[in-house]
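Structural overview for review
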Amino acid sequence: MNTLYKTRYATGPEAFKRYDTKALRDEFLIDNLMQHDKIVWVYTHYDRYMAGSAVPIKNELTLEAIDPLKAKSFLDRRELGAINVGGSGSIIVDGTTYKTDYKDALYIGKGSKKVVFKSDDAKNPAKFYLNSAPAHHAFPTKAVTKKQANKLELGSTETANARTVYQMILSGVVETCQLQMGMTELKSGSVWNTMPAHVHDRRMEVYFYFEVPKEQSVCHFMGPVNETRHIWLQNHQAVISPPWSIHSGSGTSNYTFIWGMAGENLDYNDMDTAKITELR
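Report follows, based on the coordinates.

Cut-offs used in this document
- Residues numbered from 1 in each chain as written.
- Predicted model: local features only at pLDDT ≥ 70, side-chain atom pairs only at ≥ 80, totals over all residues.
- Heavy atoms only, no water.
- Pairing = 2+ DSSP bridges.
- Helix = DSSP H or I, 4+ residues; strand = E, 2+ residues; numbered from the N terminus.
- Salt bridge = Lys/Arg side-chain N within 4 Å of Asp/Glu carboxyl O.
- Buried < 20%, exposed > 50% of the residue type's maximum accessible area, 1.4 Å probe, protein only.
- Contact = heavy atoms within 4.5 Å.
- Polar contact = N/O pair within 3.5 Å; in protein donor to acceptor, adjacent residues only side chain to side chain.
- Core = buried A, V, L, I, M, F, W, Y, C linked by side-chain atoms within 4.5 Å.
- Phe/Tyr/Trp six-rings, centres within 6.5 Å; stacked < 30°, edge-to-face > 60°.

Regarding the sheet that holds strand E8 (residues 96-100)
The strand order across the open sheet built from four strands is E5-E10-E7-E8, with neighbouring strands paired in antiparallel fashion. This sheet does not close on itself; its edge strands, each paired only once, are strand E5 (61-62) and E8. Pairing geometry for E5 and strand E10 (residues 115-119), over two bridges, is antiparallel. In the strand pairing of E10, Leu61 is matched with Phe117.

A few points about the pattern of salt bridges
According to the stated counting rule, one finds 13 salt bridges in the structure shown. In this structure, the salt-bridge partner of Asp120 is Lys99, at a minimum N-O distance of 3.0 Å. Of this pair, Asp120 sits in the loop between E10 and strand E11 (128-134) while Lys99 is found in strand E8, placing the two residues 21 residues apart along the sequence. For Asp120, a relative accessible area of 42% puts it in the partly exposed group. For Lys99, a relative accessible area of 53% puts it in the exposed group. Each of Lys103, Lys146, Glu185 and Glu211 takes part in a single network of salt bridges with overlapping partners.

A short note on the environment of His198
Relative to the assigned elements, His198 resides in strand E17 (residues 198-199). Relative accessible area serves as the criterion here: at 8%, His198 is assigned to the buried category. When the C-alpha positions of His198 and Thr100 are compared, they lie 32 Å apart, and in sequence the two are 98 residues distant. Setting aside anything within four residues of it in sequence, one finds His198 in contact with Ser245, Ile246, His247, Met271, Asp272, Thr273 and Ala274. Within the structure, His198 has its side chain in polar contact with the side chain of His247 (distance 3.3 Å).

What to know about the environment of Gly155
For Gly155, the location among the structural elements is in the loop between strand E13 (150-154) and strand E14 (163-169). With 38 residues separating them in the primary sequence, Gly155 and Asn193 have C-alpha atoms 8.9 Å apart. Beyond its immediate sequence surroundings of up to four residues, Gly155 is in contact with Asn161, Ala162 and Arg163.

Focus: the pairing of strand E18 (residues 203-210)
Look at any regular strand and the pattern is simple: side chains alternate between the two faces of the sheet. Of all eight residues making up E18, eight are buried, and the element is well covered by its neighbours. Pairing between E18 and strand E23 (residues 256-263): eight bridges, direction antiparallel. What sits directly across from Tyr207, in E23, is Trp259.

Observations concerning the pairing of E8
Relative to E8, strand E7 (residues 89-93) runs antiparallel, the two sharing five bridges. The partner of Ile91 across the bridge, within E8, is Tyr98. Once E7 ends, the chain turns through two residues before running back antiparallel as E8, passing Asp94 with a positive phi of about 50°.

Details of the side chain of Ser241
Turning to its location among the elements, Ser241 is positioned in strand E21 (residues 237-241). Separated by 3.1 Å, the side chains of Ser241 and His247 make a polar contact. With near-sequence residues (within four places) excluded, Ser241 lies in contact with Met204, Glu205, Ile246 and His247.

A look at the nonpolar core
One finds Phe28, Tyr129, Phe208, Tyr209 and Ile258 to be the most contacted residues of the largest nonpolar core, which totals 56 residues. Once you skip the residues sitting within four places of it in the chain, Tyr129 turns out to touch Leu33, Met34, Ala51, Gly52, Gly81, Ala82, Ile83, Met181, Val206, Phe208, Ala238 and Ile258.

Here we look at the packing of aromatic side chains
Describing an aromatic ring pair means giving the distance of the ring centres and the angle of the ring planes. Taken as a whole and judged by the stated rule, the model has 14 aromatic pairs. With 5.2 Å between their ring centres and 65° between their planes, Phe16 and Trp244 make a pair best called edge-to-face. Of this pair, Phe16 sits in helix H1 (residues 13-16) while Trp244 sits in the loop between E21 and strand E22 (246-251), placing them 228 residues apart in sequence. In this structure, Phe16 and Trp244 share a single accessibility class: buried. With a centroid separation of 6.5 Å and an interplanar angle of 50°, the aromatic rings of Tyr19 and Phe28 are classed as tilted. Taken together, the aromatic side chains of Phe16, Tyr19, Phe28 and Trp244 make up a single cluster linked through ring pairs.

Printed below as a string of structure tokens:
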């Protein structure tokens, strides 16, 4: 079996206050992604969201159901989003091949039976970052390139948060049950993402950081507005953000991150913004 998984249980804000650095990282950091010739998952109890990766090098990798799903096929009751952060490759869904280049996305709907990941070149393999959420309806599988995404220019160089947001798997671009995914690129000289910070109590979220230069890091801030903590992350690491937590980061260089979320609704702007001066 080429699939590995771990389970993370939900944590409340009161317990969060008592966490030391190790406990914080154990609960929220995902640091085992992009393993060669493996599909890796973290199954969370926040909206039953899953974050993972698939890196096919020597062999193709087939999506398999893991025990917590209690299902014959992974997508029996789920939907899946994949964004390629490596070399060119393909995702084959029930016999249909979808070519994926760097930063291309693919949405795969509920009920798909066989999903296979493959790389074009083992020396420069595809690296698929994966998110999955429970689904109640079967929507069509759809590929989305970076050019096809809904593009937003946000922030400014004066506040060090000039960034481009690419809404890829999102209402208006792709029909989904609850899964939403996209990508945010920080411009050169900018280091802050998602600032001012916000909370959306009706959704949870996972941030995956990449294009973090060698020897550089991102400091990810989380927690209630008046009780924040931080986690240092490196390239190809992710962090789970509970619905009661802010999620914002600052890097020692510019970088890119993929955001994925699921929960009560599909309104991207459903968020409660915190004033920067209110953060504690």
